[in-house]
Protein chains: 2
Amino acid sequence: MAKFLRINMTTQTATYEDAPAKYALMAGRYLTSTLVADQVPPSAHPLGPNNKIILAPGWATGTSAPTSARISIGAKSPLTGGIKESNAGTGFGQQMARMEIQAIIVEGFPTTPGKFWGVHITQNGATFFPADEYAGKGNYEAWRKIIERFGKKADVMGVGVAGEKRMTNAGICFNDMQGRASRYAGRGGLGAVVGSKGLKFIVIDDTGAPPLRPIADKDLFMQGQKKLTQAIRTHDITKPKGGLNTYGTAVLVNLLNEAGGFPTRNFSSGRFEGAPKIAGEAIFEGNKQRLGKELYNHACSPGCIIQCSNVWHDEKGQEAASCLEYESVWSLGANCGIDSLDDAGELVRLCNDIGLDTIEAGVTLAVAMEAGLAKFGDGKAAIKLMHEIAQGTPLGHILGNGAAFTGRAFGVIRVPTVKGQGLPAYEPRAVKGIGVTYATSPMGADHTAGYTIAPEILGVSGKQDPLALGGKAALSKGFQTATAFIDSTGHCLFIAFPILDIGSGFEGMIEEAAGVLGVQWTAADVTRIGEEILRTERKFNEAAGFTKKDDRLPEFMKYEPLPPHNVVYDVTDEELDSVYKDM
Amino acid sequence: MAKFLRINMTTQTATYEDAPAKYALMAGRYLTSTLVADQVPPSAHPLGPNNKIILAPGWATGTSAPTSARISIGAKSPLTGGIKESNAGTGFGQQMARMEIQAIIVEGFPTTPGKFWGVHITQNGATFFPADEYAGKGNYEAWRKIIERFGKKADVMGVGVAGEKRMTNAGICFNDMQGRASRYAGRGGLGAVVGSKGLKFIVIDDTGAPPLRPIADKDLFMQGQKKLTQAIRTHDITKPKGGLNTYGTAVLVNLLNEAGGFPTRNFSSGRFEGAPKIAGEAIFEGNKQRLGKELYNHACSPGCIIQCSNVWHDEKGQEAASCLEYESVWSLGANCGIDSLDDAGELVRLCNDIGLDTIEAGVTLAVAMEAGLAKFGDGKAAIKLMHEIAQGTPLGHILGNGAAFTGRAFGVIRVPTVKGQGLPAYEPRAVKGIGVTYATSPMGADHTAGYTIAPEILGVSGKQDPLALGGKAALSKGFQTATAFIDSTGHCLFIAFPILDIGSGFEGMIEEAAGVLGVQWTAADVTRIGEEILRTERKFNEAAGFTKKDDRLPEFMKYEPLPPHNVVYDVTDEELDSVYKDM
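Residues numbered from 1 in each chain as written. Chains lettered and ligands numbered in written order. Predicted model: local features only at pLDDT ≥ 70, side-chain atom pairs only at ≥ 80, totals over all residues.

1. Points about the overall build of chain A
Heads up, the condition is: Helix and strand labels come from DSSP, where a helix needs a run of H or I of at least four residues and a strand needs a run of E of at least two; each type is numbered from the N terminus. Any two residues are considered in contact once their C-beta atoms, placed from the backbone, lie within 7 Å.
The helix and strand tally for chain A stands at 24 helices and 16 strands. Expressed along its principal axes, the backbone C-alpha trace of chain A runs to roughly 60 × 55 × 50 Å. Counting contacts in chain A only where the partners sit at least 6 residues apart, residues at least 24 apart contribute 73% of the total.

Below, the structure written as structure tokens:
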């Protein structure tokens, strides 16, 4: 893959260029973070002319490697003010890889505010088309129309109304395999950056390209693919009809609730009495009852063998929403005191339709509930608030800008954010290690940046007491480093479960990437590259004005004891600072 | 003055304590900033239980010194996230000083949210009274009622609806000599901190106290008072029927407009075609026409001999608004493209009534206009937007949180703020030195923190070319240092004009302070104390997470040339950083 595609929104031109040698071994997050650091001034206004959007598939994306269809998107985040990588599972990156487009760089600034463009990428080149007719509509309708226009072979990246309006909780949307506008690079408000550039869609169709991307060392690659596939297929969490395939990611609900680490009603408790009603088991049983048969989950993107994506059905057995992730039924469920899967499902559907990150949306709604805008548990009121965002009312502009923004709008103190980004579905007071990740990740509060939940809750890669203090900084550091590498492979983060427990699976991941590139890498390279990525990101954030003071959990978690364990967050600042001290 | 009065809002108790020896020589900003640094954790949520509000009169406040009735208020600012000192001219500090209350410390946190309290301070002690009956009302009505209740001798500090609702552009209001709710410690949103504590009013009545505060060295003090009085009475700007007394601070309008440094329509130009219609001369002439006689200005607070406060009258000759400051007719006039004194006056009246800082309010309205919420120049639409704040609608909550917040709500790029605080009425691209002050002051963008306009525009203390680059960092540093001292004297900053040009006036200011305290101070002590104050403030901000990256003007000023000079802001980052390098 030797090409960068540069899309200039000032001139509406798209040009290919040879990728500089410096970036030859980079892909996914490794490439997006490096390009952002190289090309975006850290002081740039995130929605101004000097920010850029970078898209890059992973090393293994576009190959036959299992579960490898992630695409990374990088920019300076308007939500956190720092560097951001957000990734999604979709065929888009696979088509890029097969066309040997190593990265797409969107830059420049529209000269006609309010006008929207699409870009159509084929083997014949990249062309602009006016996209105003798709603006202002729900994403389900817009994606249906755009796929009708460009054909089912096309994969589509784009933004919804939230991105058009430059709301800082706007995600970047991709279609799933059935064409649903439901796969999101959600976090960090990168959809607002896309919207600020007057870009509505990028449509890609690799017709005419080879079926697989070039692979330098096919033997090494195939050896790796075999090992990783075997590990995924045998691990209890990722195997067919295993935890994820049967219950989806919401299989975690009961586990976290049991551990007292399931944030409830805006992080005022770690246990939700309604948890069983919104758990993965309830989704499975509810679908079974409404459909009259068992429904196992499906792949969100081509080539996934974990297949954890689900569909929730209404009382008539019709499709209601997809996908009800753990994070989503938590954020739009327990965190708002809502115990109805139908209400949570409708909220998920609305997030997808408006173009919002479900985590940030739910954290925001709970802050709004604390401000008195709705009662905890009132799903219908929450749905009404979401419509305000869709309509772009002033209240919608508040809620669409996320939890920290909403907290400030109404003077709320209990605002669970780090670096301006809402905390995901694990209570750091009850699960200390994940708090280290939330606090110190360059991404802001993000469970996927260093998922210590694996050992602290799931017993993957050994079992650690979630409430214990010792060694949690080192634990988080190890996970953050390995994750930065995984985020560059194009693999879904869920391969972490098998590769952490099964040594040959870990080898397989490395061999795949090395095989694609024609290099010899070992576990030491995972650490080396992971640390390089994190250093690049930290350096950008420091140049943007971040300090250790930004590597802290919200103040209230230090003085408000969390039921049922009645614990505060007591990892010391020194320990938090140790994560990046010698990196 | 040996007492601190500690007002605890958790327990509704007020207790006197001996002021620790450490603070014996401190007053005004020197004392508030030191107490905030000592007692407020820099990581505290500004509206949470760990922030405090500190009130302290200056050294000369409560004496017979001229123009010395300023009271300083300190806290961690919810607008900037850093330390804040904001001061106002009012009798309140004089009564404190005569009662020998060196500082009032408001702390704790209400246990019954939504309930408001007042505190009544007399020689018999400090008592709480329920103040809910005054909440939700306009300030003019609330102050009238509270003064009716406690008598005309009382001076009242309090917050309006904006503060009650914890909006981060809420100012702290005091009555003027006629009981108008019109004198503000406006900047930095300190009214939101007061509101967050459930405090609506502090009423003070020193009946029974001596007529003047204790003075250690009366001869030295009187010598200083005489010199300073003489300087004020003879300088062209401050003398009776001089510039300020005749035209008010808005005498600056035509000067800045002529210099191309009068920010117009949200900082998109440095010259406003409607400037003459809103200038101080227009206020004087307008009043003359409507009243049938010349009206010179009056004192905002007891003992002021500059007397620059004005009243604007409507077509029937009735009082419409007070005071139409330069900053206010700019922010609510030119910066919104409004050239009607009646509209600007009504906007000033609304700010006072709601409890908002007029500078931030006008900068906010202009950002809202840029976002398309109203047309530039449409005064009636601007008035309508202000009513949204009063009513506490969602749009009101956006606007009430200031310019940076409004900019983010609607995705506006041209947002003229530093450290989250709106830029005042001098365009830094056209007046380079004031840009250094805006960028580097620990207070956020604040002209009063280092008023280089004196030499750059007014020719006070020598004349410097506003567009020239050389030496502007050193100039700002000198002004910032001297200002920190002046802000501790209790004198209005306008004594700077005479004391900068008349050496004996400068001596007089020092001798007054030294006389009150019984110390021997020289010009070197002004620098020593000024720098100590600034160091304390900077250190707090650094501990709160500020870096050099926060000492920058908004990015757009670096790439958008400003008419009519078509200049960008080109003072280098290195020069900006030199201000605090060796302090």
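2. Details of the relation of the copies chain A and chain B
Under the convention used in this document: Least-squares fitting of one copy onto the other uses the C-alpha atoms of those residues that reach a pLDDT of at least 70 in both copies.
Laying chain A over chain B is done by rotating through 180 degrees and shifting 0.0 Å along the axis; what remains is an RMSD of 0.0 Å. The operation mapping one copy onto its partner corresponds to a two-fold rotation axis. Relative to the rotation axis, the C-alpha of Pro394(A) is the closest in chain A, positioned 2.9 Å from it. Interface residue correspondence from chain A to chain B reaches 100%, placing this contact among same-surface, isologous pairings.

3. Focus: the sheet that holds strand 7 (residues 117–122) of chain B
Residues and elements named next belong to chain B. Let me state the cut-off plainly: DSSP calls a pair of strands paired once it identifies at least 2 bridges connecting them. In this analysis an axis means a line fitted to C-alpha atoms, helices contributing only their contacting stretch, and an angle means the value between N-to-C directions, from 0 to 180 degrees.
Here six strands make up an open sheet; going across it, the order is 8-7-12-9-10-11 and the pairing mixed. Pairing within the sheet leaves two strands with one partner each, and these edge strands are strand 8 (125–130) and strand 11 (181–185). On average, each strand axis in the sheet is inclined to that of its neighbour by 25 degrees, with strand direction left out of account. Here four bridges tie strand 9 (residues 155–158) to strand 12 (residues 199–204), and the two strands are oriented antiparallel to one another. Paired with aspartate 155 across the strands is isoleucine 204, a residue of strand 12.

4. Observations concerning the interface of chain A and chain B
Definition in use: The classification used treats Ala, Val, Leu, Ile, Met, Phe, Trp, Tyr, Cys and Pro as nonpolar, Asp, Glu, Lys and Arg as charged, and all other residues, Gly among them, as polar.
Opposite the 28 residues of chain A that make contact, chain B presents 28 residues. Mapped by element, the contributors of at least two residues to the side of chain A that touches chain B are helix 5 (190–196), helix 15 (394–399) and helix 16 (403–410) of chain A. Partitioned by chemical class, the residues of the side of chain A that touches chain B number 11 nonpolar, 10 polar and seven charged.

5. Quick look at the sheet that holds strand 11 (residues 181–185) of chain A
Residues and elements named next belong to chain A. Spatially, six strands are ordered 8-7-12-9-10-11 in an open sheet, and the strand pairing comes out mixed. In this open sheet, the two edge strands, each paired with only one partner strand, are strand 8 (125–130) and strand 11. Averaged over all neighbouring strand pairs, the angle between strand axes comes to 25 degrees, with direction disregarded. Where strand 7 (residues 117–122) lies against strand 8, six bridges are found, and the strand directions are antiparallel.

6. Brief notes about the domain arrangement of chain A
Residue and element names in this part refer to chain A. Here is the rule: Where each domain starts and ends comes from a domain assignment, either automatic or drawn from a database.
Taken domain by domain, chain A holds domain 1 (3–204), domain 2 (249–296 + 307–424) and domain 3 (428–491 + 518–583). Measuring from the centre of the C-alpha atoms in domain 1 to the corresponding centre in domain 3 gives 27 Å. Of all the secondary-structure elements, those providing two or more residues to the side of domain 1 that touches domain 3 are helix 1 (28–39), strand 4 (70–76) and strand 5 (83–89). Sorting elements by how many residues they give to the side of domain 1 that touches domain 3 places helix 1 first, with seven residues. In terms of residue class, the side of domain 1 that touches domain 3 is built from 11 nonpolar, 14 polar and five charged.

7. Points about helix 10 (residues 280–291) of chain A
Residues and elements named next belong to chain A. So the rule is basically this: Under the convention used throughout, the expected extent of a helix is 1.5 Å for every residue step, that is, one less than its residue count. Three exposure classes are used, all based on how many other C-beta atoms lie within 10 Å of a residue's own C-beta (placed from the backbone): buried at 20 or more, exposed at 12 or fewer, and partly exposed between those limits.
The terminal C-alpha atoms of helix 10, which comprises 12 residues, lie 16 Å apart, in line with the 16 Å expected from a rise of 1.5 Å per residue. Listing the buried residues of helix 10 in full gives Gly280, Ala282, Ile283, Phe284, Gly286 and Asn287. The secondary structure elements touched by the buried residues of helix 10 are helix 7 (243–247), helix 8 (252–258), helix 9 (275–278), strand 13 (312–313) and helix 12 (341–354). Positive phi shows up at glycine 292, right after helix 10, with a value of about 75 degrees.

8. Thoughts on the pairing of strand 11 of chain B
All names here are of chain B. Here strand 11 lies mainly inside the structure; five of its five residues are buried. One ladder, built from four bridges, connects strand 10 (residues 172–175) with strand 11; its direction is antiparallel. Residue pairing across strands places asparagine 175 opposite alanine 181, the latter belonging to strand 11. Taking the residues between adjacent antiparallel strands as the criterion, strand 10 and strand 11 are bridged by five residues, where glycine 179 takes a positive phi near 85 degrees.

9. Regarding the environment of Thr80(A)
Residue and element names in this part refer to chain A. Structurally, the position occupied by threonine 80 is in the loop between strand 4 and strand 5. Among the residues examined, threonine 80 registers 29 C-beta atoms within 10 Å and is labelled buried. With 374 residues separating them along the chain, threonine 80 and alanine 454 place their C-alpha atoms 26 Å apart. Apart from the residues lying within four places of it in its own chain, the contact partners of threonine 80 are Gly188, Lys419, Gly420, Gln421 and Gly444.

10. Structural notes on the packing of helix 17 (residues 432–440) of chain B against helix 19 (residues 472–489) of chain B
Residue and element names in this part refer to chain B. Heads up, the rule is: Any angle that falls under 35 degrees is termed roughly parallel, while one over 145 is termed roughly antiparallel, one within 65 to 115 roughly perpendicular, and all others oblique. Handedness of each helix crossing follows the sense of rotation of the near helix against the far helix: counterclockwise by less than a right angle gives left-handed, clockwise gives right-handed.
Between helix 17 and helix 19, the least distance of the axes is 8 Å, while the angle of their chain directions is 60 degrees. With respect to their mutual orientation, helix 17 and helix 19 come out oblique. The chirality of how helix 17 crosses helix 19 is right-handed. Together, Lys432, Gly433, Val436, Thr437 and Thr440 of helix 17 and Lys472, Ala473, Leu475, Ser476, Phe479 and Gln480 of helix 19 make up the contact between the two elements. Split into classes, the residues belonging to the contact of helix 17 with helix 19 amount to four nonpolar, five polar and two charged.

11. Considerations on the nonpolar core
Proteins that are soluble and globular tend to have nonpolar side chains buried together. In plain terms, the rule: As used here, a nonpolar core is made of buried Ala, Val, Leu, Ile, Met, Phe, Trp, Tyr and Cys residues. They are joined through C-beta atoms within 7 Å.
Grouped together as the largest cluster of nonpolar side chains are 382 residues, with contacts concentrated most on Ile54(A), Ala250(A), Val253(A), Ile54(B), Ala250(B) and Val253(B). For Ile54(A), the residues in contact, after removing those within four places along its chain, are Thr32(A), Leu35(A), Val36(A), Ile73(A), Gly74(A), Ala75(A), Ala103(A) and Ile105(A).

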